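Coordinate inspection notes
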Amino acid sequence: MERVCIYARVSSNQGENQDYQSQITELTKIIKQHGYDEDNIDTYAEKISGYKETNDRPELDRLLKQLEKDPTYYRCCYISEISRLSRKPAIAKELLLKFSRIKLNLYINSQQMFTFHPDGTENNLVSIMLSIAIEFADIEAKQMKLRMTRGKMQKVTQEGKVSGNNQAYGYTSDINKKFVIDSTESLIVKQIFELYKNNQGTQVIAKMLNQQGTPTRSNTAELNNLIKKAKKEHSKLNDNTLFDEVNASEQIIQRGYKNQNTQWDEQVVRQILMNETYKGKRTFKGITFTCPAIIDEDLFDECTDIRLNKNTKNIITTYEFLLKDLMYCGCCGRKYVATYGTKIKDMKAYKCYSTKANLTSCGNKSLNISLVESIIYNQLINSTEMLKYLDSPNNILNQANQDLELLEQQLILEKASLSNNENEIKNLINITTASTNNFILQQFQIKEQTLSSARELIEARIETLKKNILDKKKLINNFNVVEFSSNMIEQAKTNRHELTAIFKQYIDKIIVNTINKKQTLITIYYRLNGSILIRTIKTIINVSAYRDPKILSNRKMEYGLIVNMSNDPVYKDNILLIPTEDILNEYNSIVEKYDEQIEMYHGTLENGISMFDKPKQIIHQVPAKNQVLIEDTYPVTDK
């Protein structure tokens, strides 16, 4: 009896709601209705994309080779629909033409038609219909692909889903397939950016990570897969014992595995430094959208600037800038970064990062390095006077006492948690002491490890609270005493590394706002014993007095210092929310009032005594002895 065949195919990547078995079952039933026995049916079935070439589809290729060997081997070939032959119109038409030439009848179940009449003549109507069906199948497939792409695009860009199995290092997917930060790998990413920022090249960073024994993604991925396999094998034992993941991991590492020795290299480090996903800007199919950020945008942009501009890298990392990482722009919220040129005409200033990167400048002006550093130094060296401007001692003391009370309450709660934890461990030990059941003992070990880990966390929190309480008590006992001596600061004046440490210890941050061409406001947040002081120091710098004179010795470092203002600067994310004009108007009013008061004081001064109290000085000049000139440490030349 003549033989017939079935060709069935399902796509490997479109997730169709069918499998080739259902096609085979349905076509077999029809073939039997047409009078053929099951023994006379050959089946060619595969799971592969219909857009593949014929020689890339093993089963179709096998069928065609059989027909080449013997064109009359099959009386008819059965398919469920024309798109099963190919999704590409040109290939589908080529196959139909090849079948037509060898007189192979083709039955298409979706049309329930043969390509040849019973008398052996070609069914021209079917040929026309198939040509149209082929084109429609191609259009349908493209539309389906477009819909699926749009659906995936929405899930990724709007719902925060993962786009595949391999996420950027530092990220993973949760149980809902959401794109989330990996708590372990993210620490490595942060370390890479911090190291790069602090003058460590990509090759050095890679070596450091390898020396630390930091696993690569391929290390951990293969190890996790091997652990899963070991767990699966363990489940087949049916011996009611718990799977020891730690022990399994150790055994796998001892035996060794394929990617165990895969190491970090500078190319991988460089790719991490270039990936904007880490600053919260993820890109998929050309669309950029927000995602959880591991790295602060300023840090990412700073590292980008270092990477793209070798000259900038040398400048940033060669010199010691006293206010590095402490200054912020009050216009856009970005960091102020330093630029220092060794030529006389080169810029030597802190400026907003928006002027350094390929960004639109926010308009905030730069500040001369020596000018602003000297003003801060002068304020610190005169800290006894400065502290008089701060919030009243009673308010500082009250706030410190409130903080202390809260810390002590937290300490009591943590100690209670520790006691409960220890009691739970004791009870667990008592329950399991007499047991010889392996399952119970293993359960005890797991529970005991969990409780021990929790205890370690509680003890760490207790130690932190004790330290904070000690600091608060020290502040309360010495709140009216200057916490650092002028002698120490004086000795550090010519040691920029030591002075940087002092600045970082006593300054939380400085926010810069340009008022006009002549004046710039810096709002300084000082710390005392680790606590940020309630009142900020508003310092209005006379930049023109330092900038305009051509002779360096004629330049004045002049500034106004104010603590209490009705138009106190208000910031959100380091951005000033009130007009600088309001601040300047009040400042000018305070200066005018001071001038009037000092005139009245001197007008009634007789034998060193006046009927008025001497008003607190507003305008200050940094004396030569307190000027911290960066040029003294890093000399400039006229070449």
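It should be noted that the structure appears before, not after, this text.
Residues numbered from 1 in each chain as written. Predicted model: local features only at pLDDT ≥ 70, side-chain atom pairs only at ≥ 80, totals over all residues. Heavy atoms only, no water.

Let's shift gears to the side chain of Thr202. Within the fold, Thr202 resides in helix α6 (residues 202-212). Here Glu266 takes part through its side chain, which lies 3.4 Å from a polar atom of the side chain of Thr202. Within the structure, the side chain of Thr202 is placed 3.5 Å from the side chain of Arg270, a separation counted as a polar contact. Thr202 has contacts with Tyr196, Glu266, Val269, Arg270 and Leu273, leaving out every residue within four places of it along the chain. (Helix = DSSP H or I, 4+ residues; strand = E, 2+ residues; numbered from the N terminus. Polar contact = N/O pair within 3.5 Å; in protein donor to acceptor, adjacent residues only side chain to side chain. Contact = heavy atoms within 4.5 Å.)

What the 5 strands build is an open sheet, ordered β2-β1-β3-β4-β5; its pairing is mixed. Strand pairing shows two members of the sheet lacking a second neighbour, β2 (41-47) and β5 (113-114), which therefore form its edges. Sheet topology note: the strand β4 (residues 105-108)/β5 ladder contains 2 bridges and is antiparallel. Counted as the bridge partner of Tyr107 is Phe114 from β5. Against the sheet, helix α1 (residues 20-33) makes contact with β1 (3-10), β2, β3 (74-79) and β4, and its axis sits at roughly 155 degrees relative to β1, the strand it touches most. Here helix α2 (residues 58-69) sits on the sheet and contacts β1, β2 and β3; the angle it forms with β2, its principal contact strand, is near 145 degrees. (Pairing = 2+ DSSP bridges. Axes fitted to C-alpha atoms, helices over the stretch in contact; angles between N-to-C directions.)

Moving on, we come to the packing of α6 against helix α9 (residues 266-274). Running from N to C, α6 and α9 cross one another at 110 degrees; their axes reach a closest spacing of 8 Å. One way to sum up the angle between α6 and α9 is to call them roughly perpendicular. Taken together, the residues of α9 that come into contact with α6 (itself represented by Thr202, Gln203, Ile205 and Ala206) are Glu266, Val269, Arg270 and Leu273. (Parallel < 35°, antiparallel > 145°, perpendicular 65-115°, else oblique.)

What follows concerns α9. Regarding α9, the residues found buried are Val269, Ile272 and Leu273. With its buried residues spanning 100 degrees around the axis, α9 presents them on a single face. Here the buried face of α9 lies against α5 (185-197), α6 and α10 (297-308). Two to three positions downstream of the cap, the backbone nitrogen of Gln267 sits 3.0 Å from a side-chain oxygen, assigning the N-cap of α9 to Asp265. (Buried < 20%, exposed > 50% of the residue type's maximum accessible area, 1.4 Å probe, protein only. Arc of directions from axis to C-beta.)

Moving on, we get to unusual backbone geometry. The phi dihedral of Lys103 falls on the positive side, at around 65 degrees, and the residue is not glycine. Here Lys103 lies in the loop between α3 (89-101) and β4.

Below, the discussion takes up the packing of aromatic side chains. Aromatic rings considered in pairs are described by the distance between their centres and by the relative angle of their planes. Going through the model one piece at a time under the given rule, you end up with 12 aromatic pairs. Look at Tyr78 and Tyr107: their rings are 5.2 Å apart centre to centre, the planes differ by 45 degrees, and that puts the pair in the tilted class. In this pair, Tyr78 sits in strand β3 while Tyr107 sits in strand β4, placing the two residues 29 residues apart along the sequence. Both residues of the pair, Tyr78 and Tyr107, belong to the buried class. Each member of the aromatic cluster is reached from another via a ring pair, and the members are Tyr171, Phe179, Phe193, Tyr278 and Phe300. The lysine or arginine in question, Arg282, covers the ring of Phe179, its NZ or CZ lying 4.0 Å from the ring centre. Positioned above the aromatic ring of Tyr525, the side-chain terminus of Lys509 is 5.2 Å from the ring centre. (Phe/Tyr/Trp six-rings, centres within 6.5 Å; stacked < 30°, edge-to-face > 60°. Lys NZ or Arg CZ within 6 Å of the ring centre and 35° of its normal.)

The next subject is the environment of Val543. Its place among the elements puts Val543 in helix α18 (residues 543-547). Sequence separation between Val543 and Leu367 is 176 residues; the distance between their C-alpha atoms is 7.9 Å. When sequence neighbours within four positions are dropped, the list of residues in contact with Val543 reads Leu367, Leu371, Lys517, Lys518, Gln519 and Thr520.

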